[in-house]
Each structure stands twice: as structure tokens, then as C-alpha cells.
Amino acid sequence: MKPALIVHGGAWDIPDEAVEVCNAGCRRALAAGWAVLAAGGAALDAVEAAIVVLEDDPVFDAGYGSHLNANGNVECDAIVMDGGTLRAGAAAVLHRVKNPIRAARAILEHCPHMMLVGEGAEHFAKENGVALCKAEELVSEAEWDAWMKCKKDKHAAAHHRGHEQGTVGAVALDRDGRLFAATSTGGTCCKLPGRVGDSPLIGCGCYADAEAGGVSCTGYGEAIMKVVMAKSATDFLRARDSAGVTTGPDLPNVSVAMSAAKRAVDLLAARTNGTGGLILLDRDGEAGFAFNTPRMAYGYVQADGTLFTSVS
Ligand code: ASP
């Protein structure tokens, strides 16, 4: 198989002044994941490498620099899913895991269950060699300042202006045909402690099935969950099987991958009025993406091996 990789750094109202840093972050993540795939490495290692770069970058709402919850704590969720086995590893309500995607991977590979939350997830991660940190080490100065403004006044988007950030995600296909999708987030700003959005939920914020494709979503979790957006996008990818054609039924002039992505976001808008976006690879590695927010940060490796990133 020809390897393929796509990443995102969230769909939201990315202001002009944040475009360059979001773009640069996506490019670094893409380069890290592609280094793995180009060397013949595994899709699971590639999505982990890409997501770790995004989690470590405070520009994005994942790992260090995540939004703070109503109590002023970072509370992270992550998932990684294997399109070959349909098995996922997911972790939610993490306070002390520097790279939540690593906790999700440990659950995927070593846990009899597919999802752990809170202390149980952190304990399992530690037992399986994932580094824990102090909760405060995940708090960035910008997020702390925003939270203080919300605390003194009340939660308002204006207090987060310029760093509303986005969830991150990656989908990779390796040369052996293994397909993995992953999503990592700090969730929504000033969320109630214990709130879990779409991101770590199989089928909602992430889905992968090697027979159809892999998807990672971003946006308003309470809406994305309603339409099980990642699984819906995967089902739209299957439309070609029933239709027996290689173009999506509604969008004849674009690839199946682009058509499926758009149809899933259209479904989100039509049925929930919600906003968000997604990235995907179809089973052959064709990239698709769509969003109905003002902008989304994303990037993928083009057919000739060059990295393409955009915040548009
Ligand atoms: N979907 C995430 C959540 O609701 C947030 C985001 O993607 O920005 O937790």
C-alpha cells in the first residue's frame, strides 16, 4: 500500500494572528508522523508521533495548554482506534498524563477494556509505562489568564479570544495496509468537571474501519455525539460499495473521501445546528476533510509525498 497521513488541529474561529502558529504546528505534526510512515513504520506509531507533537504545542487544545475546566484544571480525553480489528483504546478525565494519546494507546494494546476514565485510567497508564506529570504542569499561562477572567466575570468566549484552540487528530495508513485514527482534546473551556465530549467516544470523535476508512472529528462535542459523526462519515465512505461507483452520490465532481467528509458535516449542521469539522482517509488512503466553522487547521501528505498544510 502507499502510506497516507492526515492531521488536524481543530475547527473553530481561528483568528488571523493564530493562523501561522496553527499551520506550523500541523506541519510539525505531519512531518513527525510522515517520518515514521516513510521509513516503513506502523500507522499506530505514526498517529501517536503526530498527536504527541500537537499535544505538546500549547496552541492546541490537547495535553499541555488545554482549556481549563470550571475548577481551573486541565482534564483531557483521547482515543486511538485500529481499523483492522475495530478495537479502540480510550481514556477520559485525565489530569496528570502529559500525553493522553499514550494512555489511549496503552489501553488499546494492554487493557481488556476499551475505555478507562479518571484515576483508574491514570493508574493503568502509569502501570504500563506512560509518564504522569503534575496536574499544574499542563496549565499554560494563556489558559490560566483566560480562566481567571472567566472566574472573576463569567465564562465568555471573549475571555478566550486568540487562543480558543482546537482538538487534535490524525489518521494514518501504512504500507502494510494498517489503518489507525486518533483524537486528543482538553475539551471545551470552563466545562463542568467530569464532562466528556465526543472526542474519546468510539464513533463520535473517532472511528476507523479498514474496509471503509478512518476519521477524526473536532467541534462542539454535544452536537457531534448526536449524529455519531465519525461513524456517519465512515458509513458515507461505504456509499460507493452500495452505489457501485467511485464518486459520492451527492457530490459527483469530488472524490468519495471529500464527499463523505462534507456529507457528515452537513448532517451535523442539518440535524443539530452544530459546528465542527473532520478529517479522514478512505481505505485507499485518499484524504478528505470538511468543516462548517470559519476555519480549520489541517494538513495531509500529497500523492507526490509533499506536505500540505492549511488554516482556511
Ligand atoms: N470536540 C471537543 C469536545 O467537545 C472540542 C473540540 O473539538 O474543539 O470536547
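Higher on the page you've got the structure.
Residues numbered from 1 in each chain as written. Predicted model: local features only at pLDDT ≥ 70, side-chain atom pairs only at ≥ 80, totals over all residues. Heavy atoms only, no water.

Undergrad: Residue-level account of the site of the ligand, with values.
TA: Every residue lining the ligand is accounted for by Thr 167, Gly 187, Thr 188, Arg 195, Asp 198, Ser 199, Thr 218, Gly 219 and Gly 221. Separating an oxygen atom of the ligand from a side-chain N or O atom of Thr 167 is a distance of 2.6 Å. In this structure, Thr 218 approaches the ligand through a side-chain N or O atom, which is 2.8 Å from an oxygen atom. For the ligand, the accessible surface in isolation is 270 Å², of which the surrounding protein chains cover 94%. When its residues are assigned to classes, the shell around the ligand shows no nonpolar, seven polar and two charged. (Near = heavy atom within 4 Å. Polar contact = N/O pair within 3.5 Å; in protein donor to acceptor, adjacent residues only side chain to side chain. Areas by Shrake-Rupley, 256 points an atom, 1.4 Å probe, with all protein chains shown as cover. Nonpolar A, V, L, I, M, F, W, Y, C, P; charged D, E, K, R; others polar.)

Undergrad: Talk me through the sheet that holds strand 3 (residues 88-94); I want residue IDs and the actual numbers.
TA: Strand order in the open sheet formed by eight strands is 4-3-2-6-5-1-11-12, and the pairing between neighbours is mixed. Bordering the open sheet on either side are strand 4 (115-117) and strand 12 (307-311), each of which pairs with just one other strand. In this sheet, adjacent strand axes meet at a mean angle of 5° when their direction is disregarded. Set on the sheet, helix 2 (residues 43-56) makes contact with strand 1 (4-12), strand 2 (76-82), strand 5 (168-173) and strand 6 (179-185); between it and strand 5 the angle comes to about 160°. (Pairing = 2+ DSSP bridges. Helix = DSSP H or I, 4+ residues; strand = E, 2+ residues; numbered from the N terminus. Axes fitted to C-alpha atoms, helices over the stretch in contact; angles between N-to-C directions. Contact = heavy atoms within 4.5 Å.)

Undergrad: Just give me the short version of the environment of Ala 210, but keep the residues and values in it.
TA: One can find Ala 210 in the loop between strand 7 (206-209) and strand 8 (213-219). By relative accessible area, which is 31% here, Ala 210 ends up partly exposed. Sequence-wise, Ala 210 and Asp 282 are 72 residues apart; in three dimensions their C-alpha atoms are separated by 8.3 Å. Leaving out residues up to four positions away in the same chain, Ala 210 has contacts with Gly 83, Gly 84, Leu 179 and Arg 283. (Buried < 20%, exposed > 50% of the residue type's maximum accessible area, 1.4 Å probe, protein only.)

Undergrad: So what's going on with a nonpolar patch on the surface? Which residues, and what values?
TA: A cluster of nonpolar residues, Met 114, Met 115, Val 117 and Ile 202, forms a patch on the protein surface that exposes about 310 Å² of accessible area. Here Ile 202 is to be found in the loop between strand 6 and strand 7. Under the relative-accessibility criterion, Ile 202 is labelled partly exposed at 38%. (Patch = residues over 30% accessible without salt bridge, like charges linked within 9 Å, V, L, I, M, F, W, Y side chains within 5 Å. Salt bridge = Lys/Arg side-chain N within 4 Å of Asp/Glu carboxyl O.)

Undergrad: Could you give an account of the environment of Val 53, naming the residues involved and the relevant values?
TA: Checked against the element boundaries, Val 53 lands in helix 2. Owing to a relative accessible area of 22%, Val 53 belongs among the partly exposed residues under this scheme. Each C-alpha atom of the pair Val 53 and Arg 28 lies 7.0 Å from the other, and the pair is 25 residues apart in sequence. Filtering out sequence-adjacent residues up to four positions away, Val 53 remains in contact with Gly 25, Arg 28, Ala 29 and Ala 32.

Undergrad: Before we move on, could you go through the sheet that holds strand 7 and cite the residues and values that matter?
TA: Ordered by their spatial adjacency, four strands build an open sheet running 7-8-9-10, and the pairing between neighbours is antiparallel. Every interior strand has two partners, whereas the edge strands, strand 7 and strand 10 (287-291), have only one. Across the sheet, the mean angle from the axis of one strand to that of its neighbour is 10°, orientation sign disregarded. Relative to strand 9 (residues 276-282), strand 8 runs antiparallel, the two sharing seven bridges.

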